[in-house]
Amino acid sequence: MRLEPREPIEVIDSHTEGEPTRVVLGGWPVPAGASVLARREAMRGAHEALRRAVVLEPRGHDAVVGALLVPPDRAEAVSGVVFFNDVAWLGMCGHGTIGVVRTLAHLGRIGPGPVELDTPVGPVGAILHDDGAVTIRNVPAWLERGDVSVEVDGLGTVTGDVAWGGNWFFLTELPGVPLDFADRAELLRLTTAIRTALRRDGVTGRDGAEIDHVELFGPPTRPDADARNFVLCPGAAYDRSPCGTGTSAKMAALHAHGRLAIGAEWRQESIIGSRFTGWLERHGEEFIPHVRGTAFITGRGTLLFDPADPFRSGIA
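Residues numbered from 1 in each chain as written. Predicted model: local features only at pLDDT ≥ 70, side-chain atom pairs only at ≥ 80, totals over all residues. Heavy atoms only, no water.

Novice: Help me understand the nonpolar core, please; the structure alone is not making it clear to me.
Specialist: Grouped burial of nonpolar side chains is what soluble globular proteins tend to show. Residues F83, V100, V101, F170, I194, L198 and F230 are the most contacted members of the largest nonpolar core, which totals 63 residues. Looking at this core element by element, the count peaks at six residues for helix α4 (residues 184–200). The contacts of F230, once residues within four sequence positions are left out, are L179, R184, L187, L188, T191, V214, E215, L216, Y238 and I271. (Core = buried A, V, L, I, M, F, W, Y, C linked by side-chain atoms within 4.5 Å. Buried < 20%, exposed > 50% of the residue type's maximum accessible area, 1.4 Å probe, protein only. Helix = DSSP H or I, 4+ residues; strand = E, 2+ residues; numbered from the N terminus. Contact = heavy atoms within 4.5 Å.)

Novice: Where do I start with the packing of aromatic side chains in this structure?
Specialist: For any two aromatic rings, the description comes down to two numbers: the centre-to-centre distance and the angle of the planes. Within this structure, the stated rule accounts for seven aromatic pairs. Judged by centre distance (5.2 Å) and plane angle (55 degrees), the rings of W164 and W168 are tilted. By relative accessible area, which is 12% here, W164 ends up buried. We note R184 situated over the ring of F181; from NZ or CZ to the ring centre the distance is 4.0 Å. (Phe/Tyr/Trp six-rings, centres within 6.5 Å; stacked < 30°, edge-to-face > 60°. Lys NZ or Arg CZ within 6 Å of the ring centre and 35° of its normal.)

Novice: Even after reading the chapter, I still don't get the environment of L69, so can you show me in this structure?
Specialist: Locating L69 in the fold gives a position in strand β3 (residues 65–70). Residues L69 and L117, spaced 48 residues apart in sequence, show a C-alpha to C-alpha distance of 9.8 Å.

Novice: Looking at this structure, I do not really get the pairing of strand β11 (residues 213–218). What am I missing?
Specialist: Regular strands place side chains that alternate from one sheet face to the opposite one. With six of its six residues buried, β11 lies for the most part within the structure. Going residue by residue along β11, you find H213, E215 and F217 tucked away on one face and V214, L216 and G218 tucked away on the opposite face as well. Inspection of the sheet shows strand β10 (residues 168–172) paired to β11 by four bridges, in the parallel sense. Within the sheet, the bridge partner assigned to T172 lies in β11 and is L216. Of the crossover connections in this fold, the one passing from β10 over α4 to the parallel β11 is right-handed. In terms of strand pairing, β11 meets strand β12 (residues 227–232) through five bridges, oriented antiparallel. The partner of G218 across the bridge, within β12, is R228. (Pairing = 2+ DSSP bridges. Right-handed = clockwise from strand over helix to strand, strands pointing away.)

Below is the structure:
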């Protein structure tokens, strides 16, 4: 059964280094499934209208990332969480995890210190620091394939890395293309063209997974950063933050190329000038990214759905 939005949905909004997160607190039926991953898969069909209604216009916009709190998989986890955006159900979201932690603190459900969460791609952890910053411990990240080349309309040959950081990324640089906020429309066009070329040529992540994020890198504009990025998210939105899963994927690729030592900090600047600080830890054969940033609560509200509203399920 496909669920149409009818009941009020309670949400808290925040932004993490500029990128919005909308945490759903109530009014959304608990999805079926015995795990967070199974619940996400069940939501792909039955909850599509709810996903669109919560994050799309007229109640949201294409940059909003939603976070539905669901029962966790582990006893030590305070919650499970399923992330979603304007076009898709996500595996993991770094900025969104920081937003969820700050939201739980705002609600009084957690205090400073460690917290565990369960996501569709595995367990993640976080530390809420006394100053309000949050450090997340992401799922393992790795470089899947290095120096992958595709022919892109209007750009020619583009070479980059395919890497996993909780989502699949194509990481590249475009010499001569400045990463300026004023040029974001052109950057969206270029990264979309790269993603189209990846799909055309069958370039995927592991087990044929779609590469739905494209991340460009260039020189930083602030002295306390190592690089500046522009990240195309699934759909047609760009990340205002430096992208937590993208920073994780980048650090894994840098380490694989011998350019980032275990434990060394990588300071990633976003297209709007905000910053994440990250580093890798090695656990056996796995590389665990840690990413630190700050989120701010921006609002709390009730989303209403008039049965007579032709756009109550969002403008897709």
